[in-house]
Amino acid sequence: AQKITQTQPGMFVQEKEAVTLDCTYDTSDQSYGLFWYKQPSSGEMIFLIYQGSYDEQNATEGRYSLNFQKARKSANLVISASQLGDSAMYFCAMREPPGSSASKIIFGSGTRLSIRP
Amino acid sequence: NAGVMQNPRHLVRRRGQEARLRCSPMKGHSHVYWYRQLPEEGLKFMVYLQKENIIDESGMPKERFSAEFPKEGPSILRIQQVVRGDSAAYFCASSPGQGNHEQYFGPGTRLTVT
C-alpha cells in the first residue's frame, strides 16, 4: 500500500534562513507523482510543487525546490530565504499512476512550520 | 475562469441532523474527488466521481455517508444523522479527466457538529 511519512510535526526557523521539510514515501508503482501543498491558517490547500517519478531533474518553483532521491524514496521540500508568510502547515502527497481508474492523492500527516522574525 | 467552488464554507449541525456539502468543479472538469481532514491531520481520500458515476468510494464510511455527481449541477456529499466525530474540513478537488488527473482543490467546507 502507498504511504507518505512526514516525521517532523513542527519546525521553527529564523526568517531568511533556508528550511528543509522531510518526506518519505512507499510505493510499489514505478510511475507516480509527488506533491507539496501549503495550508495556511485560513485553511485552503495551496499547490506548491510537483515531481514526476520519471523526471530526471528536481522540480523548482521560485523559492521552492523538491529534493527528489528516488532510491531513498524521499521527496524533501526546500524553501530558500524563508519569509513570515511561509508559516503554515505543509503536506507531502503522492498520486497513483496517471491513467489509473482512481487517481486519488494520499497525504502525509503534515509539518507545521513557524517562521520567527 | 472560476476555480473549484464549495458551499457552504462553514456549516454547523446538531447531532442527528443531515449535512449537505456542495462542490462545483472548475469549468470543463468532469471528475470530482472528496477528501476529509480531521483536526491536526492530513487529508484522507473519501470518494471519486465522474458525472453520474461513482468510480472509487473506498474511503467512504460504510454508513451515513453518500455522494453524487449528477449530470447537471454540483457534486453533493451527504452525511446523515451527523455525530460529533464528523466534525472536520471537507475538501473537494476536480480534474479534467481524459488522461489529465491534475487535481485542483476548493476552499473546503468546515463542518461542526454540536
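Residues numbered from 1 in each chain as written. Chains lettered and ligands numbered in written order. Predicted model: local features only at pLDDT ≥ 70, side-chain atom pairs only at ≥ 80, totals over all residues. Heavy atoms only, no water.

1. Here's the deal with the interface of chain B and chain A
For the record, the criterion: We call two residues in contact whenever any of their non-hydrogen atoms come within 4.5 Å of each other. Joining two parts hides part of their accessible area as seen by a 1.4 Å probe, and the buried area is that hidden amount summed over both. In what follows, salt bridge is the name for a side-chain nitrogen of Lys or Arg lying within 4 Å of a carboxyl oxygen of Asp or Glu. A 3.5 Å cut-off defines polar contacts: any pair of N or O atoms within that distance qualifies, except that in protein one atom must be a possible hydrogen donor and the other a possible acceptor, and neighbouring residues in sequence count only when both atoms are side-chain atoms. A run of H or I in DSSP becomes a helix once it reaches four residues, and a run of E becomes a strand once it reaches two; helices and strands are each numbered from the N terminus.
Facing the 19 residues of chain B at the interface are 21 residues of chain A. Between chain B and chain A, roughly 1,500 Å² of surface is buried when both sides are summed, and carbon and sulfur atoms account for 53% of that area. Linking chain B with chain A are 2 salt bridges, by the criterion used here. With a shortest N-O distance of 3.8 Å, A:Lys104 and B:Asp56 are connected by a salt bridge. Remark: the boundary between chain B and chain A carries 5 residue pairs in polar contact (both at pLDDT 80 or more). Of all the secondary structure elements, the ones that give two or more residues to the side of chain B that touches chain A are strand E4 (31–37), strand E5 (43–50) and strand E6 (53–56) of chain B.

2. Notes on the state of the cysteines
For the record, the criterion: Throughout, a disulfide means two cysteine sulfur atoms within 2.5 Å of one another. The buried label applies to any residue whose accessible area, calculated with a 1.4 Å probe on protein chains only, is under 20% of its type's maximum; exposed applies above 50%, and partly exposed to all values in between.
Per the stated rule, a full pass over the model turns up 2 disulfides over all chains. In this model, A:Cys23 is linked to A:Cys92 through a disulfide, with the two sulfur atoms separated by 2.0 Å. Residues A:Cys23 and A:Cys92 share a disulfide whose torsion about the S-S bond is about -65°; that sign makes it left-handed. Note that A:Cys23 is positioned in the loop between strand E3 (19–21) and strand E4 (24–26) and A:Cys92 in strand E10 (residues 88–95), a separation of 69 residues in sequence. Across the pair, exposure class does not vary: A:Cys23 and A:Cys92 are buried alike. A disulfide bridge connects B:Cys23 with B:Cys92, and the sulfur atoms are separated by 1.8 Å. One disulfide, between B:Cys23 and B:Cys92, carries an S-S torsion of -50° and so falls in the left-handed class. With B:Cys23 in strand E3 (residues 19–24) and B:Cys92 in strand E9 (residues 88–95), this residue pair connects regions lying 69 residues apart in the sequence. Just as B:Cys23 is buried, B:Cys92 falls in that class too.

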